[in-house]
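# Fold and geometry: a report
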Amino acid sequence: MNPSTAQARVIVDELVSNGVRHAVLCPGSRNAPLSFALHQAEQKGLLTLHVRIDERSAAFLALGLAKTGTPAVVTCTSGTAVANLHPAVIEAQLTGVPLIALTADRPVDLYRAGASQTINQHDVLGIPTLHMPEGADEPTTRSLICRAIATYGPTHVNVPFRPPLTPDDSSWPSADRAPWTATDRTFTVETRPSDLPPRTLVLLGDDRPERLRRASELGWPVIAEPTAPGGLRHGSLLLNAGLPEHLQPDAVLVVGRVTLSRGQLTLLRNAPIVHAVGDQALWADVQFTATRASTWLPEPASVDGEWTQAWQSAVKNVSAAVDDLLDAEPWPTGLHVARDLTQAMPAGSLLFVGSSNPIRDVDFVGERRPDITVHANRGAAGIDGSVSTAVGLAVNHQGPSYALMGDLTFLHDINGLLADHRPDLTIVVLNDDGGGIFSLLEQGAPEYGGSFERIFGTPHGTDLTALCAGYRIPHSTVDGQEEFRSALAQPKGLRVVEVQAKRAELRALHQRLKSTVSIIFSR
């Protein structure tokens, strides 16, 4: 057996021994040994192989497959193909997702020799590279794969292959399926008594799921971003509208990265005590307001029950007012779609939410349900790779899956529809023909109206029906609330539901929404 084939088969076999069950492959020449080995493993029933032609989409698919905590692999050939994995690796690094970038490389003697598809791939993905020695023996190869598996977050394994790159026999390593080096990737949440005051407010952002779950159960009022468990409905909306004096906390406990709301920033800027919880020196503190930081969760010495009840009453009043406001507004807006989707999904559903307005709409008005799981790419908070990430999540989910994203986010990863495994996933696209998020930012103010559409609104006029037809993906456009809710019932296969909206009144609607909340507390 030639050395490249032998090493590739050992790599794949050790990945399987460490629990990897999904690999995403981009076709290429230099990674042919890995391609043949992965296909052979699939034929043996050892893993599921996904094939993609776009490395960036492939990497985000692997990201989605790995978001539940089980490592997934994306592999590609050398050169710029490797660089296209970078956006997904960034997202995985910032959110601790075990994505393994397994890249093929030219032998080192071809560096700086003008060889085709040859770049310096060492640390090119912004994380330390595990460089597999060319033709390494079996113990070395297996040990390095185990080291990659044991790493928290993403790993880059770079493997130089020398021709011949095609197999010359069909043998397979005789392994006992136990990892070469057994590692423990479990995370233990530590809690300690604290002196935080009874009126402490908890903010939950993007963090390890185990720590978020425990933090949501401490007993203090919780405002959670959509991807975190629990939390008071409309909590972020209360922060953005301005908290009344009787709801102001004496301390804020921040667990994970909170990035969605300017109201959060105002709260943290004014809080007397900010206790940030994160890994080692990685606690979130964008404004440098943290007065304490720890890797452990503080346990309440006491909780002000009357103040906690005041929070619950405030949320109840705001919820009724928000629903009345939305019911009086013409359907649809992004706020309508976010509310209706989170209410109508069947129990046990998974929801992936795209960045920009959709995640903020869900944060403001979405239903908080313990019977659904919400994911989003909140590490770098980019719109790229969203379709592929949603597909990857849906492949692993045992139940109906949904995705909510804007038209630009959908178009940015349209190649994600090129799926050889099509899960039960309904992609809801709120199409307002451009960048609606900018309508709500400073550049959306009336004084910039003369330049807004050209450089921020960016209307594209794309026919999503025709695009989906080209990818042979079922597509429907819904025009009313009841039709929309009906379209969400029991998704079957990969499909797109388009809701067409307008951006013109978006800024005014959000202003009315915040004013409605402010009026409640001024009575």
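Quick note: structure is the one above.
The model shown is predicted, which means the values in this text are computed figures rather than measured ones. (Residues numbered from 1 in each chain as written. Predicted model: local features only at pLDDT ≥ 70, side-chain atom pairs only at ≥ 80, totals over all residues. Heavy atoms only, no water.)

### Comments concerning the sheet that holds strand 14 (residues 350–353)
Reading across the sheet, the six strands line up as 15-14-16-17-19-18 and stay open at both edges, with parallel pairing between neighbours. Strand pairing shows two members of the sheet lacking a second neighbour, strand 15 (373–376) and strand 18 (475–478), which therefore form its edges. Between one strand axis and the next, the sheet turns by 20 degrees as a mean value, whatever way the strands run. Pairing analysis gives seven bridges linking strand 17 (residues 425–431) to strand 19 (residues 494–500), with the strands arranged parallel. Of the residues in strand 19, the one forming a bridge with Val-429 is Glu-498. Strands strand 14, strand 16 (401–406), strand 17 and strand 19 of the sheet are contacted by helix 11 (residues 334–344), whose axis makes an angle of about 175 degrees with strand 16. Of the strands in this sheet, strand 14, strand 15, strand 16 and strand 17 touch helix 13 (residues 386–396), which is tilted by about 165 degrees from strand 14. (Pairing = 2+ DSSP bridges. Helix = DSSP H or I, 4+ residues; strand = E, 2+ residues; numbered from the N terminus. Axes fitted to C-alpha atoms, helices over the stretch in contact; angles between N-to-C directions. Contact = heavy atoms within 4.5 Å.)

### Let's talk about unusual backbone geometry
Note the cis peptide between Pro-163 and Pro-164, where omega equals 5 degrees. In this fold, Pro-164 is placed in the loop between strand 6 (155–160) and strand 7 (191–193). A positive phi angle, close to 55 degrees, is found at Asp-433, a residue other than glycine.

### What about the packing of helix 1 (residues 3–17) against helix 6 (residues 138–150)?
In contact at an axis separation of 9 Å, helix 1 and helix 6 are set at 40 degrees when each is read in the N-to-C sense. One element, helix 1, and the other, helix 6, form an angle in the oblique class. Here helix 1 and helix 6 pass one another in a crossing that is right-handed. When helix 1 is examined against helix 6, the residues Gln-7, Val-10, Ile-11, Asp-13, Glu-14 and Leu-15 are found in contact with a partner set consisting of Glu-138, Thr-141, Arg-142, Ile-145, Cys-146 and Ile-149. (Parallel < 35°, antiparallel > 145°, perpendicular 65-115°, else oblique. Left-handed = near helix turned anticlockwise from the far one by under 90°.)

### Quick word on the nonpolar core
One finds Leu-203, Trp-311 and Phe-484 to be the most contacted residues of the largest nonpolar core, which totals 57 residues. Sorting elements by how many residues they give to this core places helix 10 (residues 305–328) first, with nine residues. Residue contacts for Leu-203: discarding those within four places in its chain leaves Ile-223, Leu-239, Val-252, Leu-253, Val-254, Val-255, Val-258, Gln-264, Leu-267 and Leu-268. Counting residues in each nonpolar core, the second largest holds 46 residues, with Leu-63, Val-97, Ala-390 and Ala-394 among its members. (Core = buried A, V, L, I, M, F, W, Y, C linked by side-chain atoms within 4.5 Å. Buried < 20%, exposed > 50% of the residue type's maximum accessible area, 1.4 Å probe, protein only.)

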